[in-house]
Amino acid sequence: MIGTLSENKKAALLSVLILLVGCFIWEMSIPAQKAVEELTEYERLTGGGQPKAGVPPPSQVLGKAWEQLSDPFYDAGPNDKGIGIQIGYSIYRVLTGYLLAAVIAIPLGFLIGMSSVAYKALNPFIQVLRPISPLAWMPLALFVIQDSEMSAIFVIFICSIWPMLINTAFGVAGVREDWVNVARTHELGALKTAFTVILPAAAPTIVTGMRISIGIAWLVIVAAEMLVGGTGIGYYVWNEWNNLDLTSVIFSILMIGVVGMLLDSMFGLLQRTVAYTE
Amino acid sequence: MANAFLSIEQLTQRYPDGNGGEFTVFENASFGIEKGEFVCILGHSGCGKSTIMNILAGLAEPTSGVVKMDGQHVSGPSLDRGVVFQNYSLLPWLTALKNVTFGVQARFPDWDKAKVIEHSTTFLAKVGLTGDAIHRKPSQLSGGMRQRVSIARAFANEPKLLLLDEPFGALDALTRGTIQDELIKVWSDTDQTVFMITHDIDEAILLADRILLMTNGPNAQVAESVEITIPRPRNRTDIVEHPNYYAIRNHLVHFLGQRSAELSGQSGGSGMHQPKTVRIDVTDEADDPEPAPVLRAVEG
């Protein structure tokens, strides 16, 4: 019967199987909690009998997920907000910093791609600034901006600007001269050439840069929120660690993965719409 | 010739040769093209045909010399001079139709959308592209169909001068034949002035009113202007029967095979160096009897 299934269905079946086997091994490998009577005095004092002290089994994580996702937007004070609210804050920060970066990186990348003088002049700065870990900017950002919220957005801005800038410049510089000549022989002005010929020609490379950037931004926001605190999925992870609630930690790790995947697939979709074959 | 529709005067192109000196591709090239004329230029690789084409298109600047069209100096690209590039140069993210409307919109900015589309589809139909094919992207079209789109784009713009840079260079012989026929058809409908680069002698005889012959580079010259004394309409199967066909063909083969190398490097001096007009017509005994015996030897 399996032989008649399509390749995609076989792969999906295998994925489910791997998930079930993985969860089963995980569940089995968690030692059962001892009953309170069996604990020594020392174990009782250090919390050895607490169910939260061990790595939780998947059944508990699933229960937590159900509990959290059935009411994602509750707000019970600064240290107790629903997962939906936390993720919402993170996405808001990521998108704000990311869009600011795009607004600057794409026009600037265009300029660098069009002019080899601009490219040569700006290249040393890009090469020095690009490898800096975005979190290294955090102290400076906190000092200059004096606002933790804005500092987190700045960190996202600074980490997502480079792939977009470099890819835009690369894509624009690589537009085939024939296509530019087509624009020239049709007497298109500079702006019209930029929008009707160079932009669509470079779009696949530009969107690839945007896709890399959103991936990096989502990686960085978790770390940034652990530092600045207050709200966001990164803060949530750290807060649950402080509460020693490992079930919530594992659940939020999974949520970070799911949201990251959704963001990436959105750009995958955009990439397909601007793609062309020569 | 000073009053010709298109006049090329003492065009010279030099590049630095990398050792501090200069490398002359061609010098003092001067010729004229009349309105409605179809002129081909033949020569070996490296004689600067494509450079002349780019200068006429306004995509390159000559080292010295001028190009005048309708008495006006040509500088920079213009919609008055349409170009069909060897590699088609279609925009791959647009459909065949949109590639043509792209040009038409630029040429006739006042037209409304329906008129632009109608005009474009008419010209696509003239080169045999109708129905579904015009809504496909270039990557979904064969090489021949892509070049048809490119030709339709150029003709739809109704430029004063049409420049064709080896338009059939990348096509197989059968496709090339079909598109040559279509090109003749569109050209005779529109009365367009055409300047075309080719490597193919038979193609040049079939299409052209006049063939310009270039000597080998460096220091290439436009040495001769050969009139094609075969009446139109021509078609590829009948044209070979015409008594002048092989006389002209032999002259061209002889030039490209031998004389282009012999004449190469002879500086034409600084004056207006006009190509020598060659008229070969064995049906008319009064003119140029020299190639006639060659013809009989071949035909016999």
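Model, not experiment: these values are computed from the prediction.

A. How the structure looks around empty space enclosed by the protein. Scanning the model with the defined rule gives 1 cavity of 30 Å³ or more in all. Empty space within the largest cavity amounts to approximately 100 Å³. Around the largest cavity sit 13 residues that line it, and Thr185(A), His186(A), Gly82(B), Val83(B) and Asn157(B) are the ones nearest its centre. The set of elements that each furnish at least two residues to the lining of the largest cavity consists of α8 (177-185) of chain A together with β6 (81-84) and α4 (143-156) of chain B. Per-element accounting of the lining of the largest cavity gives the leading share, 3 residues, to β6(B).

B. View of the interface of chain A and chain B. Contacts between chain A and chain B engage 17 residues on the former and 20 residues on the latter. Across the chain A to chain B interface the summed buried area is about 1700 Å²; carbon plus sulfur atoms make up 66%. When the area that chain A buries against chain B is broken down by residue, the three leading residues are Arg184(A), Thr185(A) and His186(A), summing to 34%. Scanning the region where chain A abuts chain B turns up 6 residue pairs in polar contact (both at pLDDT 80 or more). Listing elements by their share of the side of chain A that touches chain B, those giving two or more residues are α8 and α9 (190-228) of chain A. Here the side of chain A that touches chain B gets 6 residues from one element, more than from any other, and that element is α8(A). Looking at side-chain class alone, the side of chain A that touches chain B contains 7 nonpolar, 5 polar and 5 charged residues.

C. Up close: the nonpolar core. Residues and elements named next belong to chain B. If you look at the biggest cluster of nonpolar residues, it comprises 97 residues, and the most contacted ones within it are Leu-6, Phe-26 and Phe-195. When sequence neighbours within four positions are dropped, the list of residues in contact with Phe-26 reads Leu-11, Thr-12, Gln-13, Cys-47, Gly-48, Thr-51, Ile-52, Ile-55, Met-214, Asn-219 and Ala-220. Core analysis: the next-biggest nonpolar cluster, separate from the first, contains 58 residues, Cys-40, Phe-108, Ile-248 and Phe-255 among them.

D. Summary view of the packing of helix α10 (residues 233-242) of chain A against helix α11 (residues 246-274) of chain A. Residues and elements named next belong to chain A. Remark: α10 packs on α11, axes separated minimally by 9 Å, with the N-to-C direction vectors making an angle of 160°. The pairing of α10 with α11 is recorded here as roughly antiparallel in orientation. Judged by the twist between their axes, the crossing of α10 over α11 is left-handed. Packed against α10, whose contacting residues are Ile-233, Tyr-236, Val-237, Glu-240 and Trp-241, the element α11 presents Ser-248, Val-249, Phe-251, Ser-252 and Ile-256 at the interface. Residues that form the contact of α10 with α11 fall into these classes: 7 nonpolar, 2 polar and 1 charged.

E. Quick peek at the pairing of strand β1 (residues 6-16) of chain B. Residue and element names in this part refer to chain B. Relative to strand β2 (residues 22-33), β1 runs antiparallel, the two being bridged by 8 bridges. Pairing of Leu-11 across the sheet is with Ala-29, part of β2. Here β1 hands over to β2 after 5 residues, with Gly-18 in that stretch at a positive phi of 90°. As defined by bridge partners, β1 adjoins strand β4 (residues 64-69) across 5 bridges and the pair is classed as antiparallel. Following the sheet pairing, Thr-12 is matched in β4 by Ser-64.

F. Spatial organisation of the domain arrangement of chain A. Here chain A is described as being made up of domain 1 (2-55) and domain 2 (83-274). For domain 1 of chain A versus domain 2 of chain A, the distance between C-alpha centres works out to 37 Å.

G. Spotlight on α8(A). Buried within α8(A) are the following residues: Asp178(A), Trp179(A), Asn181(A), Val182(A), Ala183(A) and Thr185(A). Contacts made by the buried residues of α8(A) are with α9 of chain A together with β6, α2 (96-107) and α4 of chain B. Just downstream of α8(A) lies Glu187(A), where phi reads positive at about 55°.

H. Fine view of the sheet that holds strand β3 (residues 38-42) of chain B. Residues and elements named next belong to chain B. Taken together, 7 strands build an open sheet; the order of strands is β6-β7-β8-β3-β9-β10-β11 and the sheet is mixed. One side of each edge strand has no neighbouring strand; the edge strands of this open sheet are β6 and β11 (276-279). On average, each strand axis in the sheet is tilted by 20° relative to the strand beside it, whichever way the strands run. Sheet analysis places β6 next to strand β7 (residues 161-165), joined by 4 bridges and oriented parallel. Residue pairing for β7: Val-84 is matched across the bridge by Leu-164.

I. The packing of aromatic side chains, seen in detail. Per the stated rule, a full pass over the model turns up 10 aromatic pairs over all chains. Counting every residue linked through ring pairs, the aromatic cluster contains Trp137(A), Phe154(A) and Phe157(A). The positively charged end of Lys115(B) is found above the aromatic ring belonging to Trp111(B), 4.4 Å away from the centroid. Seen from the ring of Phe123(B), Lys126(B) lies directly overhead, with NZ or CZ sitting 5.2 Å from the centre.

J. Spotlight on the environment of Ser70(A). Residues and elements named next belong to chain A. By the secondary structure assignment, Ser-70 is in helix α3 (residues 58-70). In this structure, the C-alpha to C-alpha distance between Ser-70 and Ser-148, residues 78 residues apart in sequence, is 31 Å. A polar contact is formed between the side chain of Ser-70 and the backbone oxygen of Trp-66, at a distance of 2.8 Å. Within the structure, Ser-70 has its side chain in polar contact with the backbone oxygen of Glu-67 (distance 2.9 Å).

How each quantity is defined
- Residues numbered from 1 in each chain as written.
- Chains lettered and ligands numbered in written order.
- Predicted model: local features only at pLDDT ≥ 70, side-chain atom pairs only at ≥ 80, totals over all residues.
- Heavy atoms only, no water.
- 1 Å grid on protein atoms, 1.4 Å probe; cavity = no way out; pocket = protein on both sides within 12 Å on 5 of 7 lines; lining within 4 Å.
- Points joined across faces, edges and corners; volume = space filled by probe spheres on them.
- Helix = DSSP H or I, 4+ residues; strand = E, 2+ residues; numbered from the N terminus.
- Contact = heavy atoms within 4.5 Å.
- Buried area = accessible area lost by both parts, 1.4 Å probe.
- Polar contact = N/O pair within 3.5 Å; in protein donor to acceptor, adjacent residues only side chain to side chain.
- Nonpolar A, V, L, I, M, F, W, Y, C, P; charged D, E, K, R; others polar.
- Core = buried A, V, L, I, M, F, W, Y, C linked by side-chain atoms within 4.5 Å.
- Buried < 20%, exposed > 50% of the residue type's maximum accessible area, 1.4 Å probe, protein only.
- Axes fitted to C-alpha atoms, helices over the stretch in contact; angles between N-to-C directions.
- Parallel < 35°, antiparallel > 145°, perpendicular 65-115°, else oblique.
- Left-handed = near helix turned anticlockwise from the far one by under 90°.
- Pairing = 2+ DSSP bridges.
- Domains from an automatic or database assignment.
- Phe/Tyr/Trp six-rings, centres within 6.5 Å; stacked < 30°, edge-to-face > 60°.
- Lys NZ or Arg CZ within 6 Å of the ring centre and 35° of its normal.

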